[in-house]
Each structure stands twice: as structure tokens, then as C-alpha cells.
Amino acid sequence: SRFAASYVTLTFYVVIMAYRRDVFDRYHFGIWLIVLVWLAKNARLGRGQIAMASVSILFLGTASIVGTYDYFRWQEARWALTDAALSRGISINSLDAGYEVNGWLATRTGISTDCGIAEHFFCPERRFAIVAKPALGNVVLDTRVARQLFFPMTHLSLIERLYLR
């Protein structure tokens with residue numbers, strides 16, 4: 001039916017847009033609910049079509065909520081390692097911890113970074129880093145577990161890059 005083809009096309013577009021434009025799927029969840037309500041009131045849809053749309057929105061909503069939960073657990077582990085690094089005396093200008101850490105700490109502290117917004121605050125030339133998979137030849141100084149639902153037990157590590165000593 002035309003409804004099914006339109007719905008599948010719209011769903012595909014939203015997924016592609018989410019990955020190509022750095023827009024998370026959870027931002028679309030409210031729009032999907034509005035579209036479903038509008039379709040149910042204004043379009044001549046059968047119960048099967050409404051059920052199909054409702055089930056897909058339920059799956060999208062569940063994935064969005066669980067994904068957000070996992071993202072927050074990941075960030076908690078990253079910030080805990082940042083605090084551990086700072087308590088060890090590692091300066092923020094020696095730490096590669098990604099956008100959320102390097103970008104926000106640079107903004108909050110007023111410390112200018114050598115790898116600013118043009119590099120999305122990724123700083124591969126820094127001696128210390130927070131990583132998901134430590135490469136061989138690095139020293140792991142501390143580890144935290146992000147207790148996620150989709151990807152349980154993701155380990156993040158504070159490392160020293162020995163090749164930058």
C-alpha cells in the first residue's frame with residue numbers, strides 16, 4: 001500500500017539523517033508520535049496500518065530511551081576517569097578525553113586547548129587519554145565500567161601513551 005511504502009521511506013530517511021547529520025534518533029520520537037496521531041485522525045487507515053505504525057514507534061522509542069541511558073552511563077564512566085586523572089595531577093592539557101571532556105573543561109576553565117573546536121577536541125598528541133580499547137604499548141592507569149543495557153560492561157581506561165613520553 002502507499003501508506004506502507006511512505007512509512008518505510010520516512011523511517012529510512014530519519015535513520016540516515018540521524019547518522020549523517022549528527023542528530024540522535026531520540027530527537028525524532030516526539031515527531032513520530034505527532035505523525036501517528038495525525039495519521040490516525042486524518043488518513044483513512046485500517047487498524048493493521050495503525051498497529052504497524054504503533055509497533056514501529058514503540059521499538060524506536062524503546063531503542064531511543066535505552067540508547068540515552070547507555071550514553072549517560074558511558075559519560076559517567078568517562079567523567080569518573082577524568083576526575084581520577086585530575087586527582088593524579090594530570091593536567092587537562094595533557095589529557096585526550098574527547099569532545100565532552102576537553103570541550104567542556106576548556107570552556108569552563110578558560111584554558112585554551114591545542115586541539116580546539118576544529119578538531120572536535122580530540123587530541124591524539126596528548127600523553128594521557130581515555131579510551132575504550134587500550135592499544136598495546138600503552139600503560140593502563142585506571143579503568144571504569146559503563147554499565148549499559150545494549151552493550152553491557154563496556155570498559156573505559158585512562159592510559160598513558162608511552163610513545164609520547
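Residues numbered from 1 in each chain as written. Predicted model: local features only at pLDDT ≥ 70, side-chain atom pairs only at ≥ 80, totals over all residues. Heavy atoms only, no water.

**Quick word on the packing of aromatic side chains**
Scanning all chains against the criterion turns up one aromatic pair. Directly above the aromatic system of Tyr-69 lies the positively charged group of Arg-73, at a separation of 4.4 Å from the ring centroid. (Phe/Tyr/Trp six-rings, centres within 6.5 Å; stacked < 30°, edge-to-face > 60°. Lys NZ or Arg CZ within 6 Å of the ring centre and 35° of its normal.)

**Focus: helix α3 (residues 47–87)**
In this model α3 runs 59 Å from its N-terminal to its C-terminal C-alpha over 41 residues, within 8% of the 60 Å that 1.5 Å per residue would give. A positive backbone phi angle near 90° is found at Gly-89, which sits one or two residues after α3. (Helix = DSSP H or I, 4+ residues; strand = E, 2+ residues; numbered from the N terminus. Expected span 1.5 Å × (residues − 1).)

**A look at the pattern of salt bridges**
Following the criterion strictly, the structure yields four salt bridges and no others. Note that Glu-76 is salt-bridged to Arg-73, the shortest N-O span being 2.8 Å. In this pair, Glu-76 and Arg-73 are both assigned in helix α3, three residues apart and thus about one turn of the helix distant. A salt bridge links Arg-144 to Asp-142, with the nearest nitrogen and oxygen atoms 2.8 Å apart. (Salt bridge = Lys/Arg side-chain N within 4 Å of Asp/Glu carboxyl O.)

**Let's talk about the confidence of the model for the protein chain**
Detailed reading of the predicted coordinates is not advisable wherever pLDDT is low. Looking at the protein chain, the pLDDT average stands at 78 and 76% of residues meet or exceed 70. Model confidence for the protein chain, summarised as mean pLDDT per element, is weakest for helix α1 (residues 2–20) at 69 and strongest for strand β3 (residues 138–146) at 94. (pLDDT = per-residue confidence, 0-100.)

**What about the environment of Val-37?**
Assignment of secondary structure puts Val-37 in helix α2 (residues 29–42). With a relative accessible area of 47%, Val-37 lands in the partly exposed category. When the C-alpha atoms of Val-37 and Ile-50 are compared, they prove to be 9.5 Å apart, with 13 residues separating the residues in sequence. (Buried < 20%, exposed > 50% of the residue type's maximum accessible area, 1.4 Å probe, protein only.)

**Comments concerning the sheet that holds strand β1 (residues 95–96)**
To summarise the sheet geometry, strands pair through backbone hydrogen bonds and adopt either a parallel or an antiparallel arrangement. Judged by pairing direction, the sheet is mixed, and its four strands sit side by side in the order β1-β2-β4-β3 without closing on themselves. With one partner strand each, in any of the chains shown, β1 and β3 form the two edges of the open sheet. Helix-sheet contacts for α3 involve β1, β2 (128–131), β3 and β4 (154–161), and the interaxial angle to β3 is about 140°. (Pairing = 2+ DSSP bridges. Contact = heavy atoms within 4.5 Å. Axes fitted to C-alpha atoms, helices over the stretch in contact; angles between N-to-C directions.)

**What about the environment of Gly-137?**
Within the secondary structure layout, Gly-137 lies in the loop between β2 and β3. Once the C-alpha coordinates of Gly-137 and Arg-161 are considered, the two residues, 24 residues apart in sequence, prove to be 7.4 Å apart.

**Observations concerning the pairing of β2**
Neither face of β2 is exposed, since Phe-128 and Ile-130 on one face and Ala-129 and Val-131 on the opposite face are all buried. Summarising the sheet, β1 and β2 pair through two bridges and their orientation is parallel. Bridge pairing in β2 links Leu-95 to Phe-128.

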